[in-house]
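Observations on the model geometry
Letter by letter, the chains look like this.
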Amino acid sequence: MSQPAATRMLREIEDMFGCQLFERLPRGMRPTALGLQLVRFAEASLNSLDRCAEDLAVRRQGGYGYLAIAPSWGQRPTW
């Protein structure tokens, strides 16, 4: 992604949220407090999506968990 495209995308995101997410510095930029909060939320969201994809893959292959069956001694049959 080119520098102008990345800058444009960041400005659009800031406009969407209605706040400045990054402080522009002479040599780069750094996230504001709100930007850090957004980064933490984005990381958690991506981790959740990864877990979801893994879970779906396991279920798609027919496996998930286990089933344990045991007698209930209070309900055993009397012969």
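Described below are features of the structure shown in this document. Within every chain, residues take consecutive numbers counted from 1 along the sequence as written. Only residues with pLDDT of at least 70 get local features here, since the model is predicted, and only at 80 or more are side-chain atom pairs given and counted; chain-wide, interface and lining totals rely on the full set of residues. The basis for every side-chain value is the complete set of non-hydrogen atoms in the structure, without hydrogens or water.

Thoughts on the overall build of the protein chain
Helix and strand definitions follow DSSP, with helices as H or I runs of at least four residues and strands as E runs of at least two, each counted in order from the N terminus. For the protein chain, the helix and strand inventory stands at two helices and two strands. Counting from the amino terminus, the protein chain carries its helices and strands in the arrangement α-β-β-α. Burial classes follow relative accessibility: with a 1.4 Å probe on protein chains only, a residue under 20% of its type's maximum area counts as buried, one over 50% as exposed, and anything between as partly exposed. Counting all 79 residues of the protein chain, 6% fall into the buried class. For the protein chain, the proportion of contacts with a sequence separation of at least 24, taken over those separated by at least 6, is 3%. The accessible surface values rely on the Shrake-Rupley method and a 1.4 Å probe; as for residues, cover is taken only from the protein chains in view. On the protein chain, roughly 7,300 Å² of surface is accessible, and the fraction owed to carbon and sulfur atoms is 59%. In this analysis, two residues are considered to be in contact whenever any of their non-hydrogen atoms come within 4.5 Å of each other.

A word on the pairing of strand β1 (residues 22-25)
The pairing of β1 with strand β2 (residues 28-31) spans four bridges and is classified as antiparallel. Bridge pairing in β2 links Glu23 to Arg30. By definition, two strands form a pair when at least two bridges between them are found by DSSP. Between the end of β1 and the start of β2, which pair antiparallel, lie two residues.

Points about helix α1 (residues 3-17)
Each residue after the first adds 1.5 Å to the expected span of a helix. If you check α1, its first and last C-alpha atoms are 21 Å apart, about what 15 residues at 1.5 Å a residue would give, namely 21 Å. Looking one or two residues past α1, Gly18 carries a phi angle of roughly 75°, positive in sign.

So, helix α2 (residues 33-60)
Between its first and last C-alpha atoms α2 spans 41 Å; for 28 residues at 1.5 Å apiece the expected length is 40 Å, and the two agree. Just beyond α2, the residue with positive phi is Gly62, at close to 90°.

Points about the pattern of salt bridges
The salt bridge definition used is simple: a Lys or Arg side-chain nitrogen within 4 Å of an Asp or Glu carboxyl oxygen. Applying the stated criterion across every chain, the model contains three salt bridges. When the shortest N-O distance is used, the salt bridge between Arg30 and Glu23 registers 3.1 Å. Close ionic contact of Asp55 with Arg59 constitutes a salt bridge, the shortest N to O distance being 2.9 Å. Of the two residues, Asp55 and Arg59 are both situated in helix α2; the distance of four residues between them amounts to about one turn of the helix. Judged by relative accessible area, Arg59 falls into the partly exposed class, the value being 46%.

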